[in-house]
Amino acid sequence: MYFSVYPQGTLRVGTLETDHWDSGEVQTRSTFKRHAKGNVSIIECDPTGKYIILENTSGSIAEDVSHFEIRRVIDGTQAFTFHLPSHSVIHPHGHLKIYGRNAGGIHSPPDSIVMESHPSWGQGQVVETFLYNSHGIEKASHIQTTVASSR
């Protein structure tokens, strides 16, 4: 299954699997599940916790994501919540990349911002990222499960 784009207000679901070999000894397999309700999606969460990318799938409507919140759950424990700042807008077919404080990102709204409150987004075996609008309604999620095995 993969992420598909449909008209506004419909649910998009997808799964992507990748395999990685590190140092020739350990294989990691990551599975990603994503869904979105509306035009704003979480399209990428860096596995090392450096950044998260939001996307506006609309071709004609700018999406105001001011005061939306991103909640991060790592290995079953609520890690933290980040509130997007005022005047955060994602242009049609645009992206917003949100870096952790120590991730080397550049604060350059509206395309990228740096989350000063945390050094990174964190990492773990099961990482769940949720996007809620300003009314507390879940609009998107990105769930990454990573399993490591030895050769």
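For the structure itself, look to the data block above.
Report follows, based on the coordinates. (Residues numbered from 1 in each chain as written. Predicted model: local features only at pLDDT ≥ 70, side-chain atom pairs only at ≥ 80, totals over all residues. Heavy atoms only, no water.)

## A look at the pattern of salt bridges
Part 1: Throughout the structure, instances matching the rule amount to 1 salt bridge.
Part 2: Between Glu69 and Arg71 there is a salt bridge, with the nearest N and O atoms lying 2.5 Å from each other.
Part 3: Judged by relative accessible area, which is 27%, Arg71 ranks as partly exposed. (Salt bridge = Lys/Arg side-chain N within 4 Å of Asp/Glu carboxyl O. Buried < 20%, exposed > 50% of the residue type's maximum accessible area, 1.4 Å probe, protein only.)

## Details of unusual backbone geometry
Most peptide bonds are trans, and most residues other than glycine sit at a negative phi.
Part 1: Looking along the chain, the bond that leaves Pro109 and enters Pro110 is cis, with omega of 10°.
Part 2: At His67, a position not held by glycine, the phi torsion is positive, near 65°.
Part 3: Looking at where His67 falls in the secondary structure, it is placed in the loop between strand E5 (63-64) and strand E6 (69-74).
Part 4: Residue classification places His67 among the partly exposed residues on the basis of a relative accessible area of 47%.
Part 5: Notably, His87 is not glycine yet its phi reads approximately 65°, a positive angle.
Part 6: Looking at the element boundaries, His87 is found in the loop between strand E7 (77-83) and strand E8 (89-90). (Helix = DSSP H or I, 4+ residues; strand = E, 2+ residues; numbered from the N terminus.)

Honestly, that's just the spatial picture; any functional story needs more than this.
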